[in-house]
Amino acid sequence: MPETVIVAAGRSPIGRANKGSLVGLRSDDLMATVVQSVLDQLPQLPSADIEDLIVGCAQPAGEQGYNLARNVSLLSGLPEVPGVTVNRYCASSLQAIRMAHHAIQAGEANAYIAAGVETVSRFHHGIADTGPHNPLVADAQRRTEERASGGHGTWTPAIGLPDLYISMGQTAENVGEFTGVSRQQMDEFAVMSHQKALAAQDAGLFTNEIVPVKAIDGTFVAADDGPRRGTTTDVLAELRPAFRPDGAVTAGNSCPLNDGAAATVIMSSTRAAELQIRPRARVIASAVSALDPEIMGLGPVRATEKVLAATGMTIKDIDLVEINEAFAAQVIPSAEKLGVDWDKLNVHGGAIALGHPFGATGARLVTTMVNALETRDQTLGLVTLCVGGGQGMAMLIERLS
């Protein structure tokens, strides 16, 4: 059976939604720019070898509808390459990589583009148009509304169906209460994320992963908008709770809303060798998991446990770990429950500083992980995310060069 190898990876800078450097860019155009750039890394790869373009998108509606992936293949100059858009919320593009991995393992084809995109700036209020909610969860939604008003004690599971449509901010508050994470801990973690991201920017460590993007004003953007100098716990302590009047989750210890895209080229090791393409990493294992949607932030725990069990490894065997920073409230307890060493975690900063363009984040994390493993001359990397709707996802990769 051929191994699944990652032969190219890249991402756009991450812009702040509605006010950042990528405002005005369409998702399909942004995604096509990144896809074209990643393919430029592989002049030996015939486009006829590419079986499919798989694009993750968390909100595949509006401009991001119409099977976005097929539109991207045409905009990228790949008319003979089909496209499929997949949605696993925040893990959508990691799911794209997993699908390519499974297809290669099954012997169906030798090369895939697995990518993801989200341009939140193009949606009103940061979300796509949605339909009516299922009335069977009305009781759970009322419970969420009551908790959002404050003063209702520590989270406990709902009787009957949970709130399927709960806002991610409310889940973060639930996790913080449930696991006992304090506001001070959340703010300290957020400061650390900014410090790591700024250190990586200053050292030029993102140069190997960021694809410069032409903004609507004609300038080229090559750096993430998010990392902020001067971020301190004192500054963050001044921010009001964002989701509950008595809460601990603020705009400062949460990821912002963002625009961005990321892409990888996934191949069979045998075909890569035939074309003399140097693999950068291989996919070892992946897993998904489910949990109560009201505490979805703990999703990385079970997904990671499943990956480790499948490989016979422990968390101590892993050199670097990327847990997506949707909220400090969920990263802290997830890392603690897994026993992750803090000096291995999100070494170039995370989404609190860099940003979280939902559908792009899985592929962005893999791109950043491959870059970090190469930069630090390390071998094993774990990427994991919490996922809306009460899910988790994890993938283990190994650097090869």
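This text follows the structure it describes.
A.B. asks: Please provide a residue-by-residue account of the overall build of the protein, values included.
C.D. replies: If you tally the helices and strands in the protein, you get 12 helices and 12 strands. Expected size for 401 residues packed as a compact globule is a radius of gyration near 21 Å; at 20 Å, the protein falls within 12% of this value. Expressed as lengths along the three principal axes of its C-alpha atoms, the size of the protein is roughly 65 × 45 × 45 Å. Taking all 401 residues of the protein together, 58% fall into the buried category. The contacts in the protein between residues at least 6 apart in sequence include a share of 80% that link residues at least 24 apart. Carbon and sulfur atoms make up 51% of the accessible area of the protein, which amounts to about 15,500 Å² in all.

A.B. asks: Which residues make up the pairing of strand E3 (residues 50-56), and what are the values?
C.D. replies: Most of E3 is tucked away: six of the seven residues are buried. Direction of pairing for E3 relative to strand E5 (residues 111-119): parallel, over a ladder of six bridges. If you follow Ile54 over to E5, its bridge partner there is Ala114. Two elements, E3 and strand E4 (residues 83-86), share four bridges in a ladder whose sense is parallel.

A.B. asks: How would you summarise the packing of helix H3 (residues 92-105) against helix H12 (residues 361-376) if you had to cite specific residues and measurements?
C.D. replies: Each pair of packed helices can be described by the angle between their axes along with the distance between the axes. In the contact formed by H3 and H12, the axes pass within 4 Å of each other and the chain directions differ by 70°. Our classification of the angle between H3 and H12 gives roughly perpendicular. Of H12, the residues touching H3 (which contributes Ser93, Leu94 and Ile97) are Thr361, Gly362, Ala363 and Val366.

A.B. asks: Tell me about the pairing of strand E9 (residues 281-290), and name the residues and values.
C.D. replies: Sheet topology note: the strand E1 (residues 4-11)/E9 ladder contains two bridges and is antiparallel. Its bridge partner being in E9, Val5 is matched across the sheet by Arg282. Pairing of E9 with strand E12 (residues 391-399) involves nine bridges; the strand directions are antiparallel. Note that in E12 the partner of Ala285 across the bridge is Leu396.

A.B. asks: Which residues make up helix H1 (residues 27-40), and what values do they have?
C.D. replies: Look at H1: 20 Å from first C-alpha to last across 14 residues, which is about the 20 Å you get at 1.5 Å a residue. Taken residue by residue, H1 has Ser27, Asp28, Leu30, Met31, Ala32, Val34, Val35, Val38 and Leu39 as its buried positions. On the buried face of H1, the contacting elements are E1, E3, helix H2 (68-75), E5, strand E6 (213-214) and strand E8 (258-268).

A.B. asks: Break down the environment of Gly362 for me, with residues and values.
C.D. replies: Mapped onto the elements of the fold, Gly362 is located in helix H12. The exposure class assigned to Gly362 is buried, which follows from its relative accessible area of 0%. The contacts of Gly362, once residues within four sequence positions are left out, are Cys90, Ser93, Leu94 and Leu385.

A.B. asks: I'd like to hear about the packing of H1 against H2, residue by residue, with values.
C.D. replies: Direction vectors running N to C along H1 and H2 enclose 55°, while the axes themselves pass 9 Å from each other. With respect to each other, H1 and H2 are oriented oblique. Here H1 runs over H2; the crossing is right-handed. Listed contacts from H2 to Ser27, Asp28, Asp29, Met31, Ala32, Val35 and Gln36 of H1 are Leu68, Val72 and Leu75. Grouping the constituent residues of the contact of H1 with H2 by class yields six nonpolar, two polar and two charged.

A.B. asks: Which residues make up the state of the cysteines, and what values go with them?
C.D. replies: For the structure on display, the rule yields zero disulfides. This cysteine, Cys386, is not joined by any disulfide, and Cys90 carries the nearest cysteine sulfur, 6.2 Å off.

A.B. asks: Give me the lowdown on the environment of Glu173, citing residues and values where you can.
C.D. replies: Positionally, Glu173 belongs in helix H5 (residues 168-179). According to the relative accessible area criterion, Glu173 is buried, its value standing at 4%. Setting aside chain neighbours within four positions, we find Glu173 in contact with Phe243, Arg244, Gly247, Ala248 and Val249. Reaching out from Glu173, the side chain makes a polar contact with the backbone nitrogen of Val249 at a distance of 3.1 Å.

A.B. asks: Outline the environment of Leu39, supporting the account with residue identities and numerical values.
C.D. replies: Tracing the backbone through its elements, the reader meets Leu39 in helix H1. Along the chain, Leu39 and Gly10 lie 29 residues apart, while their C-alpha atoms are 9.7 Å from each other. Beyond its immediate chain neighbours, meaning those up to four positions away, Leu39 contacts Leu45, Ile50, Leu78, Ile113 and Val265.

So, how was this worked out
- Counting restarts for each chain, with residues numbered from 1 along the sequence as it is written.
- Two thresholds apply to this predicted model, a pLDDT of at least 70 for residue-level local features and 80 or more for giving and counting side-chain atom pairs, whereas whole-chain, interface and lining totals are computed over all residues.
- Water and hydrogen atoms were dropped before computing side-chain values, which therefore reflect all heavy atoms in the structure.
- Counting from the N terminus, the helices are DSSP H or I runs at least four residues long and the strands are E runs at least two residues long.
- This radius of gyration counts C-alpha atoms alone. The globule rule is 2.2 Å times how many residues there are, raised to the power 0.38.
- Only protein chains enter the area calculation, which uses a 1.4 Å probe; residues under 20% of their type maximum are buried, those over 50% are exposed, and those in between are partly exposed.
- Note on definitions: a residue-residue contact is assigned when non-hydrogen atoms from the two residues lie within 4.5 Å.
- We get accessible surface area from the Shrake-Rupley algorithm with a probe of 1.4 Å; when it comes to residues, only the shown protein chains can shield them.
- Criterion used throughout: strands pair if DSSP finds at least two bridges between them.
- Fitting a line to C-alpha atoms yields each axis, with helices limited to the stretch in contact; the angle taken between N-to-C directions then spans 0 to 180 degrees.
- Relative orientations are named as follows: roughly parallel for angles under 35 degrees, roughly antiparallel for angles over 145 degrees, roughly perpendicular for angles from 65 to 115 degrees, and oblique for any other angle.
- To estimate how far a helix should reach, multiply one less than its number of residues by 1.5 Å.
- Crossings are sorted by hand: turned counterclockwise from the far helix by less than a right angle, the near helix makes the crossing left-handed, and turned clockwise it makes it right-handed.
- Residue polarity follows a fixed list, in which Ala, Val, Leu, Ile, Met, Phe, Trp, Tyr, Cys and Pro are nonpolar, Asp, Glu, Lys and Arg are charged, and the others, Gly among them, are polar.
- The disulfide criterion used throughout: a pair of cysteine sulfur atoms within 2.5 Å.
- Side-chain atoms alone can form a polar contact between residues adjacent in sequence; in general such a contact is a pair of N or O atoms within 3.5 Å, and within protein one must be able to donate a hydrogen while the other accepts it.

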